[in-house]
Amino acid sequence: MSNISEVSAGIAGTYDAAQAAKTEKSTGNYGKTIGKAKLSEEGAKYYEELKKKFSGMDFVLVSKDMKDYAKQNASSFGNANRMVVLIDEEKIERMATDEEYRAKYEGLIANAQSKMPELKSIMENKSNVKTIGMQVEDNGTASFFAVMRKSSQEMKEKLAEKRAEKKAEEKAEAKKEAKKEQAEKLQEKAAESAVEDEEDYVILMASSVEELVKKIDDYNFNMRADAVQTPYEKTIGQTIDYKG
């Protein structure tokens, strides 16, 4: 009898250990991540299945403490060809075990995927769009975002021309003030500093694709308007006279 009890206890102990291993969270190779995301064995397995199911989308796993950061810094992980999906580790864990919760959030992702042709067209045909993505929110909705370049292509070309002119002036000045060898060193230094600075981006947020498209169009309209205004026109309505 005692032998049977010992065997039963051993089986129970093995089962409990196996279950604990499934739920114990650890870091792993989850692809693109923000923060130190950790998933249980069950969560990690489901996450791989989710990425395969929606293989046309670019998933980024976000740790629970980095959700706000992920939204604010979307420009750093944008993909020009596929929609980015920001989803946090807590949702993945619950989706792995709760069928109703999983169906709800997979439905959000599927709805976004159905709009991919429209979104891809936006990225290809509307200026200044670096990437478009979605974030799965805590309240059971999805928000869409567009990462927009602050400088239009035309403005960047003008900036590049000015930099080239400045580089030529520095080269001519260097030849006047120094020997040939010193001038060449100065030219090399100027060339290095002339490398284009990292672009700045603006992130537009919307609750639907339709709203996002409108915001993109409004943003580009304002960019074009700013580009043709004179410096004086740009100051009108932008300052407040506190003198009274």
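Here, the structure is the one placed above.
What counts, and where the lines are drawn
- Residues numbered from 1 in each chain as written.
- Predicted model: local features only at pLDDT ≥ 70, side-chain atom pairs only at ≥ 80, totals over all residues.
- Heavy atoms only, no water.
- Salt bridge = Lys/Arg side-chain N within 4 Å of Asp/Glu carboxyl O.
- Helix = DSSP H or I, 4+ residues; strand = E, 2+ residues; numbered from the N terminus.
- Buried < 20%, exposed > 50% of the residue type's maximum accessible area, 1.4 Å probe, protein only.
- Pairing = 2+ DSSP bridges.
- Core = buried A, V, L, I, M, F, W, Y, C linked by side-chain atoms within 4.5 Å.
- Contact = heavy atoms within 4.5 Å.

Asker: Looking at this structure, I do not really get the pattern of salt bridges. What am I missing?
Answerer: Tallied over the entire structure, the rule returns 13 salt bridges. Where Asp58 meets Lys32, a salt bridge forms, and the shortest distance between an N and an O atom there is 2.8 Å. Taken together, the residues Asp58 in strand β2 (residues 58–62) and Lys32 in the loop between α1 (2–23) and β1 (33–34) connect sequence positions 26 residues apart. Owing to a relative accessible area of 7%, Asp58 belongs among the buried residues under this scheme. Here Glu106 and Lys53 are joined by a salt bridge, their closest N and O atoms 2.6 Å apart. One end of the pair, Glu106, is in helix α5 (residues 99–114); the other, Lys53, is in helix α2 (residues 41–53), with 53 residues separating them in the sequence. Since its relative accessible area comes to 11%, Glu106 is described here as buried. In this structure Lys53 comes out as exposed when scored by relative accessible area, which is 53%. Shared partners join several salt bridges into a network, and the residues in it are Lys67, Asp88, Glu90, Lys91 and Asp138.

Asker: Would you mind showing me how to read the sheet that holds strand β5 (residues 142–149) here?
Answerer: Strand pairing in a sheet is mediated by backbone hydrogen bonds. Such pairs are either parallel or antiparallel. The strand order β1-β2-β3-β4-β5-β6 describes an open sheet built from six strands, whose pairing is mixed. Looking at the sheet topology across the chains shown, the edges are occupied by β1 and β6 (201–206). Pairing geometry for strand β4 (residues 129–136) and β5, over seven bridges, is antiparallel. Bridge pairing in β5 links Gln135 to Ser143.

Asker: Would you take a moment to explain the nonpolar core for this structure?
Answerer: In a soluble, globular protein the nonpolar side chains are often hidden away together inside. If you look at the biggest cluster of nonpolar residues, it comprises 42 residues, and the most contacted ones within it are Leu50, Ile132 and Met134. For this core, the element with the highest residue contribution is helix α9 (residues 209–228), accounting for six residues. With sequence-adjacent residues up to four places away left out, Met134 is seen in contact with Met57, Met83, Val84, Val85, Leu86, Leu108, Ile109, Ala112, Ala142, Ser143, Phe144 and Phe145. By size, the runner-up hydrophobic cluster in this structure holds nine residues, among which are Ile34, Ala74, Leu86 and Val147.

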